[in-house]
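# Coordinate inspection notes
Each chain, written out:
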Protein chains: 2
Amino acid sequence: MERPIGVFDSGVGGLTVVKQLKKILPDERLVYFGDTARIPYGTKSKRLIRQFALEDALFLLQFDIKFLVVACNTASSGALPVLQERLEIPVVGVVEPGARAAAEKTRNKRIGVIGTSATIASSSYAKEIRKLMPEAEVLGQPCPLLVPLVEEGWLDGEVTVLTLKKYLKDLIEAGVDTIILGCTHYPLLEPTIRKIVGPQVALIDSGKETAKAVKRVLEEIKLVNRSSEKGKDLFFVSDSPEQFARIGSNFLGEALTNVERIDFDEFLIKNSSSPLLKNLEVLHED
Amino acid sequence: MERPIGVFDSGVGGLTVVKQLKKILPDERLVYFGDTARIPYGTKSKRLIRQFALEDALFLLQFDIKFLVVACNTASSGALPVLQERLEIPVVGVVEPGARAAAEKTRNKRIGVIGTSATIASSSYAKEIRKLMPEAEVLGQPCPLLVPLVEEGWLDGEVTVLTLKKYLKDLIEAGVDTIILGCTHYPLLEPTIRKIVGPQVALIDSGKETAKAVKRVLEEIKLVNRSSEKGKDLFFVSDSPEQFARIGSNFLGEALTNVERIDFDEFLIKNSSSPLLKNLEVLHED
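A brief look at the structure comes next. Remember, predicted model here, so these are calculated numbers, not experimental data.

## Some words on the overall build of chain A
Helix and strand counts for chain A stand at 12 helices and 10 strands. Computed over C-alpha atoms, the radius of gyration of chain A comes to 18 Å, within 12% of the 19 Å expected from 2.2 N^0.38 for 286 residues, which places it in the range of a compact globule. With the C-alpha coordinates aligned to their principal axes, the bounding extent of chain A is approximately 50 × 40 × 40 Å. By residue count, 51% of the 286 residues in chain A fall in the buried class. For chain A, long-range pairs separated by at least 24 residues make up 78% of all intrachain contacts whose partners lie at least 6 apart in sequence.

## Examining the sheet that holds strand β8 (residues 202-205) of chain B
All names here are of chain B. Read from one edge to the other, the open sheet built from 4 strands follows the order β6-β5-β7-β8, with strand pairing classed as parallel. Each of the sheet's edge strands pairs with one partner strand only, and the pair in question is β6 (137-142) and β8. Averaged over all adjacent pairs, the angle separating strand axes in this sheet is 20°, with direction ignored. Here 5 bridges tie strand β5 (residues 110-115) to strand β7 (residues 178-182), and the two strands are oriented parallel to one another. Bridge pairing in β7 places Gly112 opposite Ile179.

## A closer look at the interface of chain A and chain B
Facing the 21 residues of chain A at the interface are 22 residues of chain B. Elements with a minimum of two residues in the side of chain A that touches chain B: α7 (146-152), α8 (157-173) and α12 (264-270) of chain A. Sorting elements by how many residues they give to the side of chain A that touches chain B places α8 of chain A first, with 5 residues. Tallied by class, residues from the side of chain A that touches chain B come to 10 nonpolar, 4 polar and 7 charged.

## Some details on the nonpolar core
In this structure, Val70 and Leu83 of chain A together with Val70 and Leu83 of chain B are the most contacted members of the largest nonpolar core, which totals 156 residues. Ignoring anything within four residues of it in the chain, the contact list for Val70 of chain A reads Phe8, Ala53, Ala75, Ser76, Leu80, Leu83, Val91, Gly93 and Val94 of chain A.

## Examining the packing of α8 of chain A against helix α8 (residues 158-173) of chain B
The axes of two packed helices give the description: the angle between them and the distance between them. Contact pair α8 of chain A / α8 of chain B: the axes reach a minimum separation of 9 Å and the direction vectors enclose 165°. Taken together, the axes of α8 of chain A and α8 of chain B lie roughly antiparallel to each other. Read as a crossing pair, α8 of chain A and α8 of chain B show a hand that is left-handed. Of α8 of chain B, the residues touching α8 of chain A (which contributes Glu158, Val159, Leu162, Thr163 and Lys166 of chain A) are Glu158, Val159, Leu162, Thr163 and Lys166 of chain B. For the contact of α8 of chain A with α8 of chain B, the residue count by class is 4 nonpolar, 2 polar and 4 charged.

Rules used throughout
Residues numbered from 1 in each chain as written. Chains lettered and ligands numbered in written order. Predicted model: local features only at pLDDT ≥ 70, side-chain atom pairs only at ≥ 80, totals over all residues. Helix = DSSP H or I, 4+ residues; strand = E, 2+ residues; numbered from the N terminus. Rg over C-alpha atoms; globule rule 2.2 N^0.38 Å. Buried ≥ 20, exposed ≤ 12 C-beta atoms within 10 Å, placed from the backbone. Contact = placed C-beta atoms within 7 Å. Pairing = 2+ DSSP bridges. Axes fitted to C-alpha atoms, helices over the stretch in contact; angles between N-to-C directions. Nonpolar A, V, L, I, M, F, W, Y, C, P; charged D, E, K, R; others polar. Core = buried A, V, L, I, M, F, W, Y, C linked by C-beta atoms within 7 Å. Parallel < 35°, antiparallel > 145°, perpendicular 65-115°, else oblique. Left-handed = near helix turned anticlockwise from the far one by under 90°.

Note that all results are geometric; they support no functional claim without further evidence.
What follows is the structure in structure tokens.
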């Protein structure tokens, strides 16, 4: 059996990326970790997000993963360089693939990004887009209520439409022709967002773009699974597996059966001397 | 200098309780811990909430506190018995005082409770009310979007009014004459809730009732501060102190200046052998 791909997120959101990975790389075995004990990441500080990301990666490294996917916009925005620096396996986040797709899609070079407060504050998408298209105008809009709305299951209806209208107002007025759904929860709101922005605005699902990027890199570095025995995908969470399985099925688009709870504090205490978690005091620096 | 009172919450919400404590017990020194690294508690499992509550208490015990106030409805609902069992100092939560006030206030014995998913699922308020008034009808309504709305600063306006109307509909139709604001964030929504329910429905602020209960117990057990030197209140958080100070000032009703960040993972690793954190596997039992 070949080595699996590790995927982590603060919770269920990353399952929208898993859904795309399973579609595009059906022969790969996945090990997923959702840090539901400390969800959400999007309202927390850069330093803490970096620390959490390293701890999540350390958990997945136990499974001898060959590749790490950061299926969380907040962690990709805040922690990708430190993960790439400290890990010996390739690490792909959701920001660069989403930024690339937006740069390819826009015609008027005016791109909107919606995401958590931490993602927008990091300007991660703007920085990536400007690498590819220095003249692009990138407008970020933090949307802290969208994750709770999705988790409450209010995917349309008056409250959600009004909230989205409020958040999208400035982007629409600025005439963006492309909007990046910069949070793994947002693809579930895509039909409602579509109704508000109309058919002319391109909506970029970073998760979908990330799955394509993972496939490309795996092929480049010749790590595509060649074993006929795929093995079972594994799902771990740091809080209740029942709640995760229930909400997660909507994100994954199929039933989630084998979710296991781990005691993350216990895991951290046991692994506190790992080199990956050394010098955390530097994590707030940019 | 006499021993301080310890207060903890998952984040800033508990500051509404601190505000009342400072009003009613101005001579007491307070040490506050807001677990902003793992906020919110209200969407998490009972087992995890109990573990977090014990860890938070352990942090405060370092300051030789004489009394512990659980200024969080979710933690009070899920973890009060285990805290009272494992700690040697008196522990007061926000549920019993709120339940008592509601039972005294209601005329038609029909009481509504709004709170986080975890608080409502625990039926903690219903259990406490029925101890005092077995014939009472208690209707619980989980309101997971209210904390994010308050933290976004949307205290009134269309989205908040519509969300509240949706959440309060069943309680109003059931004819409750008293509603318990069963989350420390909700007092900030009180004016908007008042407009929706009208002047006839009593709104119970559990934080206010808790401050009165703390005073009563301190007097009973003769632990009221008698030193003329009060000492400075201390505020600790497990994530960014700046964000806490900024949002927290609204909750406290005055500027917050001396907030200190602590690395909670580091604290847990150092204190992992504490007897308070032993046998955590029993925490999911009721």
